[in-house]
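Single-letter residue listing:
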Amino acid sequence: MQSNIRQNINDLENDILRIEDNLLEFLRLNYDEGIKKSLHKLESNLKYLSILANGAPIEKNEDRKIMEFLRIHYNYLQKLSVPA
């Protein structure tokens, strides 16, 4: 079970990074619909990762890494969500 949780966490982190890459491309192309969908999906995945990590029986070092990842990417989401 613990390996399933770790795999889900890794999958979510990779998906978050992929979404951010897509967002950068959509911003470059001024593709508003893609930007909106990606921002929504990014926010949803960050929330799900937070919930999953908070309830997971994982080691402190791994937990710190996940919390740092969440902090960095929530900050990134905030910067992207603020209208210029």
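Reference entry: report on the structure contained in this document. Keep in mind that this is a model prediction, so the values were computed, not measured. Numbers given to residues run from 1 along each chain, matching the order in which its sequence is written. Only residues with pLDDT of 70 or above have their local features reported here, since the model is predicted, and side-chain atom pairs are shown and tallied only from 80 upward, although totals for entire chains, interfaces and linings are computed over all residues. Side-chain measures were taken over the full set of non-hydrogen atoms in the model, leaving aside hydrogen atoms and water.

1. Observations regarding helix 3 (residues 60–81)
As a reminder of what qualifies: Only DSSP runs of H or I reaching four residues or more are called helices, and only runs of E reaching two or more are called strands; each is numbered from the N terminus. The length a helix should cover is 1.5 Å for every residue beyond the first. Only protein chains enter the accessibility calculation, which uses a 1.4 Å probe; a residue is then buried when its area is under 20% of its type maximum, exposed when over 50%, and partly exposed in between. The directions considered for the arc run from the helix axis to the C-beta atoms.
Taking 1.5 Å of rise per residue, 22 residues should cover 32 Å, and helix 3 covers 31 Å from first to last C-alpha, within 8% of that figure. By the burial criterion, the buried members of helix 3 are Ile-66, Phe-69, Leu-70, His-73 and Leu-77. In a view along the axis of helix 3, the buried residues occupy a sector of 100°, so they form one face of it. Along helix 3, exposed side chains directed more than 90 degrees from the buried face belong to Lys-60, Arg-64, Gln-78 and Lys-79.

2. Regarding the pattern of salt bridges
Definition in use: Whenever a carboxyl oxygen of Asp or Glu lies within 4 Å of a side-chain nitrogen of Lys or Arg, that contact is scored as a salt bridge.
Using the criterion set out here, one finds 6 salt bridges in the structure. Salt-bridge contacts for Arg-6 lead to Glu-62; the nearest nitrogen and oxygen are separated by 3.0 Å. In this pair, Arg-6 is assigned in helix 1 (residues 2–29) and Glu-62 in helix 3, connecting sequence segments 56 residues apart. Residue classification places Arg-6 among the partly exposed positions, given a relative accessible area of 29%. Note that Asp-15 and Lys-41 form a salt bridge whose closest N and O atoms lie 4.0 Å from each other. Taken together, the positions of Asp-15 in helix 1 and Lys-41 in helix 2 (residues 32–55) put the pair 26 residues apart, joining distant regions of the chain. Among the residues examined, Asp-15 registers a relative accessible area of 17% and is labelled buried. Since its relative accessible area comes to 38%, Lys-41 is described here as partly exposed. Within this structure, Asp-15, Arg-18 and Lys-41 form a network of salt bridges that share partners.

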